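Listed below, chain by chain, are the residues.
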Amino acid sequence: MEIFYNVFVLLHFVGFAALFGGAFTQLKGPKRVVNAAMFHGALTQVVTGVVLLGLQEMGDGDVNHMKLGIKFLVLVVILVLVLMNRKKGNVPDGAFWSIFALTLANAAIAVFW
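Read on for an overview of the structure. Just so it is clear, the model here is predicted, and its values are computed rather than measured. (Residues numbered from 1 in each chain as written. Predicted model: local features only at pLDDT ≥ 70, side-chain atom pairs only at ≥ 80, totals over all residues. Heavy atoms only, no water.)

Assigned secondary structure in the protein chain consists of 4 helices and 0 strands. The helix and strand sequence of the protein chain, counted from the amino end, reads α-α-α-α. Here the protein chain has a C-alpha radius of gyration of 15 Å; the compact-globule value for 113 residues is 13 Å, and the two agree. Along the first, second and third principal axes, the C-alpha set of the protein chain runs to 50 × 25 × 20 Å. Across the 113 residues in the protein chain, those meeting the buried criterion constitute 32%. A fraction of 71% describes how many contacts in the protein chain between residues 6 or more apart in sequence connect residues 24 or more apart. Approximately 6900 Å² of the protein chain is accessible, and the part contributed by carbon and sulfur atoms is 72%. Side-chain charges of the protein chain comprise 8 positive and 5 negative groups, with the mean position of each set lying 25 Å from the other. (Helix = DSSP H or I, 4+ residues; strand = E, 2+ residues; numbered from the N terminus. Rg over C-alpha atoms; globule rule 2.2 N^0.38 Å. Buried < 20%, exposed > 50% of the residue type's maximum accessible area, 1.4 Å probe, protein only. Contact = heavy atoms within 4.5 Å. Areas by Shrake-Rupley, 256 points an atom, 1.4 Å probe, with all protein chains shown as cover. Lys, Arg positive; Asp, Glu negative; His and termini not counted. Charge placed at Lys NZ, Arg CZ, Asp CG, Glu CD.)

The structure is reproduced here in structure tokens:
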């Protein structure tokens, strides 16, 4: 069971890297879009996060439902922003910076909480 958990943690990290990296590469650009890396990274984060929660629930350890609930809520907001702006040729600054900041905040919650 531990190997499955570790595989999904790795895939969760890959989703974060795609989402954050897809946004990070556009920081200085004049035009910002929701690229494929951001879209697929957000989807990967949601799917692997739900699987990881299920695997934790099946295990013997304690599950911090408050932390995971907050992380899931932040991720749903990110996914909604990504989906709403996916087809736009130029993402509004507020939406882009919200995606970027919330992605970084979600990682900070995972590390520091």
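Anyway, onward from the coordinates.
The grouping of M1, I3, F4, V7, L11 and M58 at the surface amounts to a nonpolar patch, some 630 Å² of accessible area in total. Mapped onto the fold, V7 is located in helix α1 (residues 2–24). Given a relative accessible area of 39%, V7 falls into the partly exposed group. (Patch = residues over 30% accessible without salt bridge, like charges linked within 9 Å, V, L, I, M, F, W, Y side chains within 5 Å. Salt bridge = Lys/Arg side-chain N within 4 Å of Asp/Glu carboxyl O.)

To continue, consider the packing of helix α3 (residues 65–85) against helix α4 (residues 93–112). Packed helices, taken two at a time, are described by the angle their axes make and the gap between the axes. Closest axis-to-axis distance for the α3/α4 pair is 10 Å, and the angle between their directions is 160°. As the angle between them shows, α3 and α4 are arranged roughly antiparallel. Here α3 runs over α4; the crossing is left-handed. Here α3 contributes K67, I70, K71, V74, L75, V77, I78, L81, V82 and N85 to the contact with α4, which in turn contributes A95, S98, I99, L102, T103, N106, I109 and A110. Tallied by class, the residues present in the contact of α3 with α4 amount to 12 nonpolar, 4 polar and 2 charged. (Axes fitted to C-alpha atoms, helices over the stretch in contact; angles between N-to-C directions. Parallel < 35°, antiparallel > 145°, perpendicular 65-115°, else oblique. Left-handed = near helix turned anticlockwise from the far one by under 90°. Nonpolar A, V, L, I, M, F, W, Y, C, P; charged D, E, K, R; others polar.)

With that out of the way, let us pick up the packing of aromatic side chains. A complete count under the given rule lists 6 aromatic pairs for this structure. Taking 5.5 Å as the distance between ring centres and 15° as the angle between the ring planes, the aromatic pair formed by F16 and F20 counts as stacked. Taken together, the positions of F16 and F20, both in helix α1 and 4 residues apart, correspond to about one turn of that helix. Judged by its relative accessible area of 25%, F16 is partly exposed. (Phe/Tyr/Trp six-rings, centres within 6.5 Å; stacked < 30°, edge-to-face > 60°.)

Further remarks concern the environment of V51. Following the sequence through the fold, V51 ends up in helix α2 (residues 36–58). The class for V51 is partly exposed, based on a relative accessible area of 29%. As a C-alpha pair, V51 and F8 span 43 residues in sequence and 7.4 Å in three-dimensional space.

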